[in-house]
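Chain by chain, the residues:
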2 protein chains.
Amino acid sequence: MRPPTIRDVAERAGVSKSLVSLVLRGSDQVRPEKRQAVLAAVEELGYRPNAAARSLSERRTRTVGVLLNDMRNPWFVELLDGLGSRLHDSGLHMLLADGRLNRRLGEDLTHTFTELRVDGLIAVGTLPPSPALRTAAGQIPTVVAGAREPVLPRMDIVAGDDEHGARLATEHLIGLGHQRVAHIAGQGVVGELRRRGFEAVMREHGLADTAIVEQGDLTEEGGYRAMVRLLGAAGRPTAVFAFNDIAGVGALSAAEELGLQVPRDLSLVGYDNTYLSRLRHLWLTTVDNASHDVGRRAAQCLLDRITAPDRPSETVLVTPALKARGTTAPPVTSGRRP
Amino acid sequence: MRPPTIRDVAERAGVSKSLVSLVLRGSDQVRPEKRQAVLAAVEELGYRPNAAARSLSERRTRTVGVLLNDMRNPWFVELLDGLGSRLHDSGLHMLLADGRLNRRLGEDLTHTFTELRVDGLIAVGTLPPSPALRTAAGQIPTVVAGAREPVLPRMDIVAGDDEHGARLATEHLIGLGHQRVAHIAGQGVVGELRRRGFEAVMREHGLADTAIVEQGDLTEEGGYRAMVRLLGAAGRPTAVFAFNDIAGVGALSAAEELGLQVPRDLSLVGYDNTYLSRLRHLWLTTVDNASHDVGRRAAQCLLDRITAPDRPSETVLVTPALKARGTTAPPVTSGRRP
DNA sequence: CTCACCTTATGGAACGGTCCACACCATGAG
DNA sequence: CTCATGGTGTGGACCGTTCCATAAGGTGAG
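Since this is a predicted model, take the numbers as computed values, not measurements.

How each quantity is defined
- Residues numbered from 1 in each chain as written.
- Chains lettered and ligands numbered in written order.
- Predicted model: local features only at pLDDT ≥ 70, side-chain atom pairs only at ≥ 80, totals over all residues.
- Heavy atoms only, no water.
- Helix = DSSP H or I, 4+ residues; strand = E, 2+ residues; numbered from the N terminus.
- Rg over C-alpha atoms; globule rule 2.2 N^0.38 Å.
- Buried < 20%, exposed > 50% of the residue type's maximum accessible area, 1.4 Å probe, protein only.
- Contact = heavy atoms within 4.5 Å.
- Areas by Shrake-Rupley, 256 points an atom, 1.4 Å probe, with all protein chains shown as cover.
- Lys, Arg positive; Asp, Glu negative; His and termini not counted.
- Charge placed at Lys NZ, Arg CZ, Asp CG, Glu CD.
- Near = heavy atom within 4 Å.
- Polar contact = N/O pair within 3.5 Å; in protein donor to acceptor, adjacent residues only side chain to side chain.
- Nonpolar A, V, L, I, M, F, W, Y, C, P; charged D, E, K, R; others polar.
- Buried area = accessible area lost by both parts, 1.4 Å probe.
- Salt bridge = Lys/Arg side-chain N within 4 Å of Asp/Glu carboxyl O.
- Domains from an automatic or database assignment.
- Phe/Tyr/Trp six-rings, centres within 6.5 Å; stacked < 30°, edge-to-face > 60°.
- Lys NZ or Arg CZ within 6 Å of the ring centre and 35° of its normal.
- Least-squares fit on C-alpha atoms with pLDDT ≥ 70 in both.
- Pairing = 2+ DSSP bridges.
- Axes fitted to C-alpha atoms, helices over the stretch in contact; angles between N-to-C directions.
- Core = buried A, V, L, I, M, F, W, Y, C linked by side-chain atoms within 4.5 Å.
- Expected span 1.5 Å × (residues − 1).

Section: the overall build of chain A
Point 1. Each helix and strand in chain A was counted, giving 14 helices and 12 strands.
Point 2. A compact globule built from 338 residues should have a C-alpha radius of gyration of about 20 Å, whereas chain A, at 26 Å, is more than 25% larger.
Point 3. Burial analysis of chain A (338 residues in total) assigns 52% to the buried set.
Point 4. Long-range pairs, those at least 24 residues apart, make up 71% of the contacts in chain A with a sequence separation of at least 6.
Point 5. Of the roughly 14800 Å² that chain A leaves accessible, carbon and sulfur atoms contribute 51%.
Point 6. Computed over 42 positive and 40 negative side-chain charges, the inter-centroid distance for chain A is 3 Å.

Rendered as structure tokens:
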């Protein structure tokens, strides 16, 4: 029992397969009664077009591949939402693949996607450098969403304005009255940008001397350890701006384990506005990087590049916004400051 | 500039397209020097087989579709990991799709998957009832993973043993000395099973009278509200077993807002062992439902059903394990018990 | 009446693979 | 010398669509 084909439908409706094809693709060159007959036959047989045959013939798949780095860190969910809705409007499907999952298996997802002949590629977040992605991007329209690297010709970048976001977070803390502010830094270009935003604002407020940067990473553990180091050193900060929410949560744990009350004794800001930060038990002040918007614009960008593959590369930055929640407050005025 | 086809490779290597096909599919009926010539041509041209053409001809896609309900609740990540690794061993790819995302767009993913002619379907977690899934399951080998419904002919179920897991959680609490134990219940068959496990153990320990069940849902908000109700009523429990980690985190917030210290004044157990529960700031005692194993077995089950579509339905239950962390402790012995 | 033309329908050639049936060429047995 | 044998290689049908070139039939103008 093989699934019915367009020929089965044609036979049942008493027309040629070409006419069935016309009807299914919405041509207006068909007499209404024939159209009805075809649609009825489709219904009766439960016909579904074969995507492989269609894309073989049309020489496109109406599908874009989405490369994800790690599903465990949920910051990208909103982004995917925006991405999907815009793509859907243009009749494109989204194929998700978690790179970490497959890389462990020694499989390169870009290979899979090129074999599938996806019409486009979206790299979500910073991916480990891969020559295969480079090659793929040379052949398939590609957009990086929510990250700033790699920068390659014929490839666009859509991301939140990390430097601006970091500035917002830092200004928020300074605005509350904090002077000794620390930053738990992340890696890569994004880490660099957020650090730069932090340092710039501190400098502008004449606080360059009391600005502390502690290297962390993108994990809870990294945030925890960085916070332990920060609080163990002399001149401990009264406020900390963490690279992202996960690191922020780690930092939160460290602070509380060392007997500090947040936000009374220490203010803390994260980044990404993940649902983690929205949990009322954490209620983390954070920076919303407008991921939904980033996703939508990345989709738009990809659509544009699909229609004009050779146009110059573009970098779109979306403006983030501060999301003040429960982990930031003015510092307690202690007399022991120098 | 179209991507090279098997004919281009053949021409370059000076052989027929059939021979190229043989080489690429690893036949041993080919003379080594010809094989080398073909492989060299493949390399030089950067040839990648066209998946659409291949699956059209082979009449299978080597791809299974994975239906996900909601990426925001991360319990399934481990499951996907197990699923992916087992499928990969059999040369199958995984196509992920978030149902919630697409349902909002009025698109039915099962349609997409049937058009793609995926070789199999995995429904992860409890999905909203859909006649389309029913139809799809009738035509495509389908396995439900990490849920207990829907039950349809020619469809297998692989899940954690929820009743047993609930028993573990409840016994853990009773073993610590708790007598007034409450359960924040979930919905659906899984919710039912966990509640049943809870009630059975309470009964077995002669605690049926002090067993409280409060209806929640699968969200943080639901857990929060259920906990508020529990703590507001008379005979407040000293321990609570929540349907899942997310609800547990909500419950945790409620308890702390009402001035209770966890675990001193109240013990709390979640379910799923998500990374949420592993955050040191929450450090939630929970039940590990061996998702990785569930994933692997679901994959195995699907492979079996693909080879024998008509064999009787099977239900595989994987044994969960308690993960004791920081939110459970013996109750403080207060004199005011009746 | 003839012819151009428009609308509607059709056959058949792609699309890029797989795989079957068959051809070719040594080789060695009868 | 002939003929089965077996290892290698090839042509071509087929998978299920799309779409182009063209046919059939009706209509109105000249």
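Next comes the rest of the description.
Considerations on the protein's contact with DNA strand D
Point 1. The full set close to DNA strand D counts 28 residues, and I6(A), R7(A), S21(A), S57(A) and K17(B) are the nearest of them.
Point 2. Among atoms of DNA strand D positioned within 4 Å of the protein, sugar and phosphate together represent 58%.
Point 3. Here a phosphate oxygen of DNA strand D sits 3.0 Å away from a polar atom, N or O, in the side chain of S16(B).
Point 4. Taking R59(B), its side chain carries an N or O atom lying 3.0 Å from a phosphate oxygen of DNA strand D.
Point 5. With four residues, helix α4 (residues 51-58) of chain A is the largest single contributor of residues to the surface near DNA strand D.
Point 6. Of the residues assigned to the surface near DNA strand D, the class counts are eight nonpolar, nine polar and 11 charged.

Brief notes about the interface of chain A and chain B
Point 1. With 52 residues of chain A in contact, the opposing surface of chain B contributes 52 residues.
Point 2. Taking both sides of the interface into account, the surface hidden between chain A and chain B amounts to around 5100 Å²; carbon and sulfur atoms contribute 58%.
Point 3. In this structure, the connection of chain A to chain B is made through four salt bridges.
Point 4. With its nearest N and O atoms 2.9 Å apart, the salt bridge here joins E115(A) to R48(B).
Point 5. Joining chain A to chain B, the criterion identifies 16 residue pairs in polar contact (both at pLDDT 80 or more).
Point 6. Elements with a contribution of two residues or more to the side of chain A that touches chain B: α4, α5 (77-89), β2 (93-98), α7 (109-116), α11 (220-232), α12 (245-257) and α13 (275-278) of chain A.
Point 7. For the side of chain A that touches chain B, the leading source of residues is α5(A), giving seven residues.

Topic: the domain arrangement of chain A
Point 1. Once the domains are mapped, chain A shows domain 1 (6-49), domain 2 (59-160 + 291-317) and domain 3 (162-289).
Point 2. For domain 1 of chain A versus domain 3 of chain A, the separation of C-alpha centres amounts to 62 Å.

Observations regarding the packing of aromatic side chains
Point 1. Summed over all chains, the structure comprises four aromatic pairs over all chains.
Point 2. For the ring pair F241(A) and Y271(A), a centre distance of 6.3 Å and an interplane angle of 40 degrees mean the geometry is tilted. With a gap of 30 residues between them, F241(A) in strand β8 (residues 239-242) and Y271(A) in the loop between β9 (267-269) and α13 connect regions that are remote in the sequence.
Point 3. A residue is classified by how much of its surface remains accessible, and F241(A), at 0% relative accessible area, is buried.
Point 4. What makes Y271(A) buried here is its relative accessible area of 0%.
Point 5. The aromatic ring of Y271(A) is capped on one face by R194(A), whose charged end is 3.6 Å from the ring centroid.
Point 6. The cationic tip of R194(B) hangs over the ring face of F243(B); the distance from NZ or CZ to the ring centre is 4.6 Å.

Points about the relation of the copies chain A and chain B
Point 1. Turning chain A through 180 degrees and shifting it by 0.0 Å along the axis lays it on chain B, with an RMSD of 0.1 Å. Such a combination of turn and shift is consistent with a two-fold rotation axis. Taking C-alpha positions as reference, the residue of chain A nearest the rotation axis is A52(A), located at 2.3 Å.
Point 2. Both copies present the same face, since 100% of the interface residues in chain A are matched by interface residues at the equivalent positions in chain B.

Quick look at the sheet that holds strand β7 (residues 212-215) of chain A
To summarise the sheet geometry, strands pair through backbone hydrogen bonds and adopt either a parallel or an antiparallel arrangement.
Residues and elements named next belong to chain A.
Point 1. Pairing is parallel across the open sheet formed by four strands, whose spatial order is β7-β6-β8-β9. The open sheet has two free edges, formed respectively by β7 and β9, since each of these has just one partner strand. On average, adjacent strands in this sheet sit at an angle of 20 degrees to one another, irrespective of strand direction.
Point 2. As judged from the four bridges shared by strand β6 (residues 181-185) and β7, these two strands associate in the parallel manner. From the neighbouring strand, I184 faces β7, where its bridge partner is E214.
Point 3. Lying over the sheet, α12 contacts β6, β8 and β9, oriented at roughly 160 degrees with respect to β9.

Quick look at the protein's contact with DNA strand C
Point 1. Lining the immediate surroundings of DNA strand C are 28 residues, of which K17(A), R59(A), I6(B), S21(B) and S57(B) lie closest.
Point 2. Considering DNA strand C, the proportion of its atoms within 4 Å of the protein that are sugar or phosphate atoms stands at 61%.
Point 3. R7(B) places a side-chain nitrogen or oxygen 3.2 Å from a base nitrogen of DNA strand C.
Point 4. The set of elements that each furnish at least two residues to the surface near DNA strand C consists of α2 (17-24) and α4 of chain A together with α1 (6-13), α2 (17-24) and α4 (51-58) of chain B.
Point 5. Among the elements that line the surface near DNA strand C, the one with the most residues is α4(B), at five residues.
Point 6. Taken together, the residues that form the surface near DNA strand C break down as eight nonpolar, nine polar and 11 charged.

Quick look at unusual backbone geometry
Point 1. Note that the residue after E149(A), namely P150(A), is joined by a cis bond; omega there is -5 degrees.
Point 2. Mapped onto the secondary structure, P150(A) falls in the loop between β4 (142-145) and β5 (155-160).
Point 3. Phi at N273(B) takes a positive value of approximately 50 degrees, unusual for a residue other than glycine.
Point 4. Its location among the elements puts N273(B) in the loop between β9 (267-269) and α13 (275-278).

What to know about the nonpolar core
Point 1. Residues V66(A), L83(A), V66(B) and L83(B) are the most contacted members of the largest nonpolar core, which totals 58 residues.
Point 2. Setting aside residues no more than four positions away along its own chain, L83(B) makes contact with V66(B), M94(B), I122(B), G295(B), R296(B), A298(B) and A299(B).

Regarding helix α11 (residues 220-232) of chain B
The α-helix winds at 3.6 residues per turn, so residues separated by three or four positions along the chain end up facing the same way.
Point 1. The end-to-end C-alpha distance of α11(B), which contains 13 residues, comes to 18 Å, matching closely the 18 Å that a straight helix rising 1.5 Å per residue would cover.
Point 2. Considered for burial, the residues of α11(B) that qualify are E220(B), G222(B), G223(B), Y224(B), A226(B), M227(B), L230(B) and L231(B).
Point 3. Contacts made by the buried residues of α11(B) are with α13 of chain A together with β6 (181-185), β7 (212-215), β8 (239-242), α12 (245-257) and β9 of chain B.

Describing helix α5 (residues 77-89) of chain B
Residues and elements named next belong to chain B.
Point 1. Taking 1.5 Å as the rise per residue, α5 with 13 residues should run 18 Å; its terminal C-alpha atoms sit 19 Å apart, in good agreement.
Point 2. Those residues of α5 that sit buried are V77, L79, L80, D81, G82, L83, G84, S85 and L87.
Point 3. Following α5 by one or two positions, G91 has its phi on the positive side, about 75 degrees.

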